[in-house]
Amino acid sequence: MPRGARLDAPGTLHHVIIRGIEKGDIVRDEDDRKEFLRRMGELAQGTGTSIYAFALMTNHAHILLKSGEQGLSTFMRRLLSGYAQYFNRRHRRVGHLFQNRYKSIICEEEAYFDKLVAYIHLNPLRARLVSSFEELASYPWCSHAILMKTLHYAWVDREYVLQFFGDKEGDARKVYLEYLEEEAGVDREKELSGGGLLRSHGGWSNVLSMRKQGVKALSDDRILGGDAFVREVLQDAEEQGGQLLSADERAQQIAREIEKVCRREGISLAVLRSGSRRGGLSKIRKELAERFVNEYGLSLAETARQLWVTTGAVSHMVR
């Protein structure tokens, strides 16, 4: 299914899901986990990105964050490309580490914040990385331990999270724990791992009921929220960023950009993708890489495939 352009603006709440390529591990030991979190924390503080919840699993990770002034794409590009280079060096491997495109879902805060926090924090328990809530409270690779004060990371905004459960910390933590136990018995995988009409309106039965009443609701797979919220996000995105291209439209535009540059420089597509550096080809690839990543929101891996270079080369071009 074609994937739409990324939606983002400073202060937007995102549920980000990162997966290893072909379901492979993204961390192999404690040192990898520490390095991933160290990089995420430093980038969060350096880019003004607010982190509310995370769960670092073995082959994937969940992050609930609010994008800073530099936007989600910049934060994620620097986090994933930098960590992948570290991981490959340390484990003497080559190739992609992450799936080509991380998943980011814009979330309606009032309706979903508490559910998302609980869903993310329950991941280690459901995956049996820990066997009880007591173990989860001291599990260092999930931000639940931060809410329990058994772990401290200055870059996780625990006070912001707890305010959703009460005004006073003691009461808020008690309510949060009770809520977490309730949510442990609820399967929200389909509801919270994506947007779209069914997820945003509570499943097919609710959607069918709305249709019988003549209610037409707008939906978008990139957004988790009700009709009014979806409309507001899409309208803001169009006002701030102009026309939003679908995946097919974007692919056509990229092909036109490559053709235009080749025609301007008097070279063929085969020459551009040959790997040669003669005649200023490196400069031409850099121009295209910067445009694809910064203007069209392509991942480093997608851009690398378009130009027939390595992901590391693209990372160097746009850094």
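Every chain begins its residue count from 1, and numbering advances along the sequence as written. Under the rules for a predicted model, residues below a pLDDT of 70 receive no local features and side-chain atom pairs below 80 are neither given nor counted, while totals for whole chains, interfaces and linings still include all residues. Computation of side-chain values: all heavy atoms of the structure, hydrogens and water removed.

Asks: Can you lay out a negative patch on the surface for me, pointing to particular residues and giving the numbers?
Replies: Patch rule: a residue counts if its relative accessible area is over 30% and it has no salt bridge; like charges are joined within 9 Å, and nonpolar side chains (Val, Leu, Ile, Met, Phe, Trp, Tyr) within 5 Å. Computed by Shrake-Rupley with a 1.4 Å probe, the accessible areas treat only the displayed protein chains as cover when residues are assessed. Each reported salt bridge corresponds to a side-chain nitrogen of Lys or Arg within 4 Å of a carboxyl oxygen of Asp or Glu. Think of it this way: Lys and Arg go in the positive column, Asp and Glu in the negative one, and His and the chain ends go nowhere. The location of each charge is read from NZ of Lys, CZ of Arg, CG of Asp or CD of Glu. A surface patch of like charges, here negative, comprises Glu134, Glu135, Glu178, Glu181 and Glu182. Starting at the N terminus, helices and strands are each numbered in turn, a helix being any DSSP run of H or I of at least four residues and a strand any DSSP run of E of at least two. Of all the secondary-structure elements, those providing two or more residues to the negative patch are helix H5 (133-136) and helix H8 (169-183). At three residues, the largest contribution of residues to the negative patch is made by H8. Mapping Glu134 onto the fold places it in helix H5.

Asks: Describe the packing of helix H3 (residues 109-121) against H8, naming the residues involved and giving the relevant values.
Replies: Two elements in contact, H3 and H8, have axes separated by 10 Å at closest approach and are oriented at 70°. When the interaxial angle is binned, H3 and H8 end up roughly perpendicular. Judged by the sense of rotation from one axis to the other, the crossing of H3 with H8 is right-handed. Contact with H3, carried on its side by Asp114, Lys115, Val117, Ala118 and His121, involves Tyr176, Tyr179, Leu180 and Glu183 of H8 and no other residues of that element. For this scheme, ten residues count as nonpolar: Ala, Val, Leu, Ile, Met, Phe, Trp, Tyr, Cys and Pro. Four count as charged, namely Asp, Glu, Lys and Arg, and the remainder, Gly too, count as polar. Taken together, the residues that form the contact of H3 with H8 break down as five nonpolar, one polar and three charged. For helices, the fitted line uses only the C-alpha atoms of the stretch in contact; every axis is such a line through C-alpha atoms, and the angle between N-to-C directions lies from 0 to 180 degrees. Note on terminology: angles under 35 degrees are roughly parallel, angles over 145 are roughly antiparallel, angles of 65 to 115 are roughly perpendicular, and the others are oblique. Take the far helix as the reference: if the near one is turned anticlockwise from it by less than a right angle, the crossing is left-handed, and if turned clockwise, right-handed. Contacts are residue-level and defined by heavy atoms, with any inter-residue pair within 4.5 Å sufficient.

Asks: Run through the nonpolar core, naming residues and quoting values.
Replies: Most often, soluble globular proteins keep nonpolar side chains buried together rather than apart. Put simply, a nonpolar core is a bunch of buried Ala, Val, Leu, Ile, Met, Phe, Trp, Tyr and Cys residues held in one set by side-chain atoms that sit within 4.5 Å of each other. Exposed residues in this analysis have more than 50% of their type's maximum accessible area, buried residues have under 20%, and partly exposed residues fall in between, with area computed by a 1.4 Å probe over protein chains only. Of all hydrophobic cores here, the largest spans 67 residues; its most connected members are Ile18, Met40, Ile51, Leu64, Phe75, Met76 and Leu79. Tallying contributions element by element places helix H2 (residues 71-91) first for this core, with nine residues. Residues Cys262, Ala289, Leu300 and Ala304 belong to the second largest nonpolar core, which totals 18 residues.

Asks: Lay out the pattern of salt bridges in plain terms, naming residues and giving numbers.
Replies: The final tally for this structure, using the stated rule, is 19 salt bridges. Among the salt bridges present, the one from Arg38 reaches Glu42, with a minimum N-O distance of 3.0 Å. Here Glu42 and Arg38 lie together in helix H1 (residues 30-47), a separation of four residues that amounts to about one turn. For Arg38, a relative accessible area of 36% puts it in the partly exposed group. One continuous salt-bridge network, built from bridges that share partners, spans Lys149, Arg158, Glu159, Glu169 and Arg173.

Asks: Describe the confidence of the model for the protein chain, listing the residues and the values that go with them.
Replies: The predicted coordinates should not be examined in detail at positions where pLDDT is low. Residues of the protein chain with pLDDT of at least 70 account for 79%, and the chain-wide mean is 82. Here residues 195-212 is modelled with pLDDT under 50, and outside its nearest four sequence neighbours on either side it reaches 36 contacts, counting other chains as well. Per-residue confidence from the prediction method is given by pLDDT, with values spanning 0 to 100. The low-confidence segment residues 214-219 (pLDDT under 50) makes 15 contacts with residues lying over four places distant or belonging to another chain.

Asks: Please provide a residue-by-residue account of the sheet that holds strand S3 (residues 60-66), values included.
Replies: What the five strands build is an open sheet, ordered S2-S3-S1-S4-S5; its pairing is mixed. Looking along the sheet, the strands with just one partner apiece sit at the ends: strand S2 (50-56) and strand S5 (223-224). Against the sheet, H1 touches strand S1 (13-19), S2 and S3, its axis set at about 170° to S2. Between any two strands, at least two bridges found by DSSP are needed for them to pair.

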